[in-house]
Amino acid sequence: MAFAITQTCCNDATCVAVCPVNCIHPTPEERAFGSTEMLHIDPRACIDCGACADACPVDAVVPVDRLRDGQKEYAAINAAYFEGRDPGTSVTGPNFHAWGRPRFERVLPPDFPTLRVAVVGTGPAGMYAAEDLLLHTDAEVTLVDRLPVAGGLVRYGVAPDHPATKGVGETFARFHRHPRVRMALGLEVGRDVTPEELAAHHDAVVYAVGASAARSTGVPGEDLPGSIAATTFVAWYNAHPEVAPDAVDLSAERVVVVGNGNVALDVARVLVADPETLAGTDIADHALAALRRSRVREVVLLGRRGPEDAACTRSELLALTHLDGVRVVVDAHDPLITEALDAAGPQDRAAALRGAERERVDWSRPPGPERRIVLRFRSAPVAALGGAERAEQGGGGVRALRVSGADGEAEIPAGMLLRAVGYRGVGVPGLPFDEASGTVPHEAGRVAGRPGTYVVGWIKRGPSGGIGANRTCAAETVGSLIADAAAGALPAPSGGARAFHRLARRRSRHLVDARGLAAIERAEEARGRRDGRPRVKLATVEELVATARGPRRLLPR
């Protein structure tokens, strides 16, 4: 029985590397690798060895005969990808790869002095870069993060109902304890230390700072009370220490989410999920309590284009249709929407909604008693409208969103507006920055005009691609770094590792090292075991730092 790759595929291609029969595609060498939403297993070539399932960091690979009800479609999705394609295998031996001559393109001379590399950011991009350096060189790596805990978007960006995706964090965590790794968590470059000071103590610096700002919709009224960025909402339910527990008000019955990408779907699911199903996850305690009191019964996902061009992946859209106790409805206000759903082919994104309910929603009526998600395509936001009835709560919060579509303008009454129209990079003090793209200018990861300085991840290529896309991105950047080292193009540092850590301790009162991070992990997991959850996150900087330092008291500022 063949295996199938399912919804949680991270696209990092670890499974491709271990497959003995080359049945997982597209591979990193194939043109489609950078654009495909997920990888696929060819059922004609799979020999059921299970190597891919063992290697998968996010538990996305499942035997076809063990697919659950919400996953059964993936057997057909994997098979459909290979229709009309040659499986490309041979039957001349047990291993069907066509091996070429061995190449060692990224190897330093054996007598090359040990490099000291700082990686700024401990999310997927930074950790893939650190992994590459640790596995392919004898470099010593300093992991730097402005928060006193590691994880980045794996910890603070993945929805709590996607525990398998969070599992990739365990893969990265083994490098936190690596003998050639030092950690300086709670240290912000540009505030506590300058880029020049960081570079002066390392042979090279790799910035993996992501894209932390939310894009604006640009419509009037988007700053009204009750209108918040989806990034804030995601950080709130993930216990990010920079978002207050009371930052989100769930007193509205209807919420409109502008956007229909994966983040938009994440927040929609969390808003209408049965809180008891989230009680077994690592969701923030304050978010779980608020969701238990929540009055939200309906979430509207607003998209400018049709279902064939939805910004989310097909797998996330398919998962939306399998939510227990939640109706998924497509607002059939435009005949082109119905036509697109009916015309969708088996591999098209819109096919995931072919069986969804369709109705022309009457927005003059309040939400019904059931929990439901309404997908309204081919509609653009025009203005967020305020209401005097909420003036006592802060000066007239959101009461409706005016939208424009083929049938003219309409008002969708809502007490909360979530803006999920994408992320944007923020400039790092001292580094060049392209305001138009929200990225640091670079060539193959090399920062323009800054020898020994590199970028990786979303700050390098913009907010595109999931977790696994950072692996190939990091390989390119680390390849450039190694080539520059071999060519003698890296500036010589003037300070050593110990001097840097003395500097970091002087500059940051929140500094956490690897031992402190391990203490945080143990404490959160212990709290989780007490409550029957994988972990209960510490939600403030003070809690994180105090736990990292054990019984020692925090020093006054």
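Our subject is the structure listed above.
What you are looking at is a predicted structure, and each value in this text was computed from that prediction instead of being measured. (Residues numbered from 1 in each chain as written. Predicted model: local features only at pLDDT ≥ 70, side-chain atom pairs only at ≥ 80, totals over all residues. Heavy atoms only, no water.)

1. A few points about the overall build of the chain
Step number 1: Along its length, the chain carries 19 helices and 23 strands.
Step number 2: Reported as C-alpha extents along the three principal axes, the dimensions of the chain are approximately 75 × 70 × 50 Å.
Step number 3: Looking at the chain as a whole, 53% of its 557 residues are labelled buried.
Step number 4: Sequence separation of at least 24 residues holds for 75% of the intrachain contacts in the chain that already meet a minimum separation of 6.
Step number 5: In the structure as shown, the chain presents an accessible area of about 24,700 Å², 51% of it carried by carbon and sulfur atoms.
Step number 6: Looking at charge distribution, the chain has the averaged site of its 66 positive side-chain charges lying 5 Å from that of its 69 negative ones. (Helix = DSSP H or I, 4+ residues; strand = E, 2+ residues; numbered from the N terminus. Buried < 20%, exposed > 50% of the residue type's maximum accessible area, 1.4 Å probe, protein only. Contact = heavy atoms within 4.5 Å. Areas by Shrake-Rupley, 256 points an atom, 1.4 Å probe, with all protein chains shown as cover. Lys, Arg positive; Asp, Glu negative; His and termini not counted. Charge placed at Lys NZ, Arg CZ, Asp CG, Glu CD.)

2. Considering the packing of helix H4 (residues 124-136) against helix H7 (residues 168-176)
Step number 1: Put simply, H4 and H7 touch, their axes get as near as 10 Å, and they point 50 degrees apart. If you check the angle between H4 and H7, you find them oblique. Judged by the twist between their axes, the crossing of H4 over H7 is left-handed. For the pair formed by H4 and H7, the contact residues are Pro124, Met127, Tyr128, Glu131, Leu134 and Leu135 on the first element and Val168, Phe172, Arg174, Phe175 and His176 on the second.
Step number 2: Here the contact of H4 with H7 is composed, by residue class, of eight nonpolar, one polar and two charged. (Axes fitted to C-alpha atoms, helices over the stretch in contact; angles between N-to-C directions. Parallel < 35°, antiparallel > 145°, perpendicular 65-115°, else oblique. Left-handed = near helix turned anticlockwise from the far one by under 90°. Nonpolar A, V, L, I, M, F, W, Y, C, P; charged D, E, K, R; others polar.)

3. So, the sheet that holds strand E12 (residues 298-302)
Step number 1: Read from one edge to the other, the open sheet built from seven strands follows the order E10-E19-E11-E12-E15-E13-E14, with strand pairing classed as parallel. Both outer strands of the open sheet, strand E10 (227-229) and strand E14 (357-359), are each paired with one neighbouring strand and no more. The sheet shows a mean angle of 25 degrees between the axes of neighbouring strands, direction not considered.
Step number 2: Here four bridges tie strand E11 (residues 254-258) to strand E19 (residues 416-419), and the two strands are oriented parallel to one another. The partner of valine 258 across the bridge, within E19, is arginine 419.
Step number 3: Along the sheet, helix H10 (residues 262-272) makes contact with E11, E12, strand E13 (326-331), strand E15 (371-376) and E19, crossing E12 at roughly 170 degrees. (Pairing = 2+ DSSP bridges.)

4. Quick look at empty space enclosed by the protein
Step number 1: Taken as a whole and judged by the stated rule, the model has two cavities of 30 Å³ or more.
Step number 2: When its volume is computed, the largest cavity comes out at roughly 80 Å³.
Step number 3: Every residue lining the largest cavity is listed: Ile5, Cys9, Cys10, Asn11, Asp12, Ala13, Thr14, Cys15, Cys56, Pro57, Ala60 and Val61.
Step number 4: Along the walls of the second largest cavity sit 13 residues, with Cys19, Cys23, Cys46, Cys49 and Cys52 positioned nearest its centre.
Step number 5: When grouped by side-chain class, the residues that make up the lining of the second largest cavity number eleven nonpolar, one polar and one charged. (1 Å grid on protein atoms, 1.4 Å probe; cavity = no way out; pocket = protein on both sides within 12 Å on 5 of 7 lines; lining within 4 Å. Points joined across faces, edges and corners; volume = space filled by probe spheres on them.)

5. Focus: the pairing of E15
Step number 1: Burial runs high along E15: five of the six residues are buried.
Step number 2: In this sheet, E15 lies alongside E12 in parallel orientation, the contact comprising five bridges. Bridge pairing in E15 links valine 300 to valine 374.
Step number 3: Here E13 runs beside E15; their pairing, made up of five bridges, is parallel. Following the sheet pairing, valine 326 is matched in E15 by arginine 371.

6. A look at helix H16 (residues 469-486)
Step number 1: With 18 residues, H16 extends 26 Å between its outermost C-alpha atoms, agreeing within 8% with the 26 Å of an ideal straight helix rising 1.5 Å per residue.
Step number 2: Restricting attention to buried positions, one finds in H16 the residues Asn470, Cys473, Ala474, Thr477, Val478, Gly479, Ser480, Leu481, Ile482, Asp484 and Ala485.
Step number 3: Looking at the packing, one finds that the buried side of H16 touches strand E5 (116-120), H4, strand E8 (204-207), strand E22 (446-447), strand E23 (453-455) and helix H15 (458-461). (Expected span 1.5 Å × (residues − 1).)

7. A closer look at the nonpolar core
Nonpolar side chains tend toward joint burial in soluble globular proteins.
Step number 1: Ranked by size, the top nonpolar core spans 125 residues in total, and within it Ile24, Phe233, Tyr237 and Leu250 carry the most contacts.
Step number 2: Sequence-distant contacts of leucine 250, defined by excluding residues within four places in its chain, comprise Phe233, Trp236, Leu271, Ala290, Leu291, Ser294, Arg295, Val296 and Met416.
Step number 3: In terms of nonpolar packing, the next biggest core, distinct from the first, is built from 20 residues, Val144, Val205, Val447 and Leu511 among them. (Core = buried A, V, L, I, M, F, W, Y, C linked by side-chain atoms within 4.5 Å.)

8. Here's the deal with the sheet that holds strand E18 (residues 408-413)
Backbone hydrogen bonds are what pair the strands of a sheet, in a parallel or an antiparallel way.
Step number 1: Spatially, E16-E17-E18 is the arrangement adopted by the three strands of the open sheet, whose pairing is antiparallel. Only two strands of the sheet have a single neighbouring strand rather than two, namely strand E16 (379-386) and E18. Strand-to-strand, the axes of this sheet are offset by a mean angle of 25 degrees, without reference to chain direction.
Step number 2: Two elements, E16 and strand E17 (residues 398-405), share seven bridges in a ladder whose sense is antiparallel. What sits directly across from leucine 385, in E17, is alanine 400.

9. Brief notes about a positive patch on the surface
Step number 1: Residues Arg182, Arg498, Arg502, Arg505 and Arg506 make up a contiguous surface patch of positive charge.
Step number 2: With respect to the helices and strands, arginine 505 occurs in helix H17 (residues 497-507).
Step number 3: Given a relative accessible area of 54%, arginine 505 falls into the exposed group. (Patch = residues over 30% accessible without salt bridge, like charges linked within 9 Å, V, L, I, M, F, W, Y side chains within 5 Å. Salt bridge = Lys/Arg side-chain N within 4 Å of Asp/Glu carboxyl O.)

10. Points about the pattern of salt bridges
Step number 1: Taken as a whole and assessed by the stated rule, the structure comprises 40 salt bridges.
Step number 2: Here arginine 450 ties to glutamate 196 by a salt bridge, and the two come within 3.8 Å at their closest N and O atoms. Within this pair, whereas arginine 450 is found in the loop between E22 and E23, its partner glutamate 196 is found in helix H8 (residues 195-200), the two being separated by 254 residues in sequence.
Step number 3: Taking the relative accessible area as the measure of exposure, glutamate 196 reaches 44% and is therefore partly exposed.
Step number 4: Arginine 507 is the partner of glutamate 197 in a salt bridge, and the nearest nitrogen-oxygen pair spans 2.8 Å. With glutamate 197 in helix H8 and arginine 507 in helix H17, this pair connects stretches of sequence that are 310 residues apart.
Step number 5: Owing to a relative accessible area of 36%, arginine 507 belongs among the partly exposed residues under this scheme.

11. Details of the side chain of threonine 137
Step number 1: Residue position: threonine 137 is located in the loop between H4 and strand E6 (140-145).
Step number 2: In this structure the side chain of threonine 137 is engaged in a polar contact, spanning 3.0 Å, whose partner is the backbone nitrogen of alanine 139.
Step number 3: Excluding residues that lie within four positions of it along the chain, threonine 137 makes contacts with Leu108, Asp132, Arg180 and Ile482. (Polar contact = N/O pair within 3.5 Å; in protein donor to acceptor, adjacent residues only side chain to side chain.)

Purely spatial values, then, with no claim about function.
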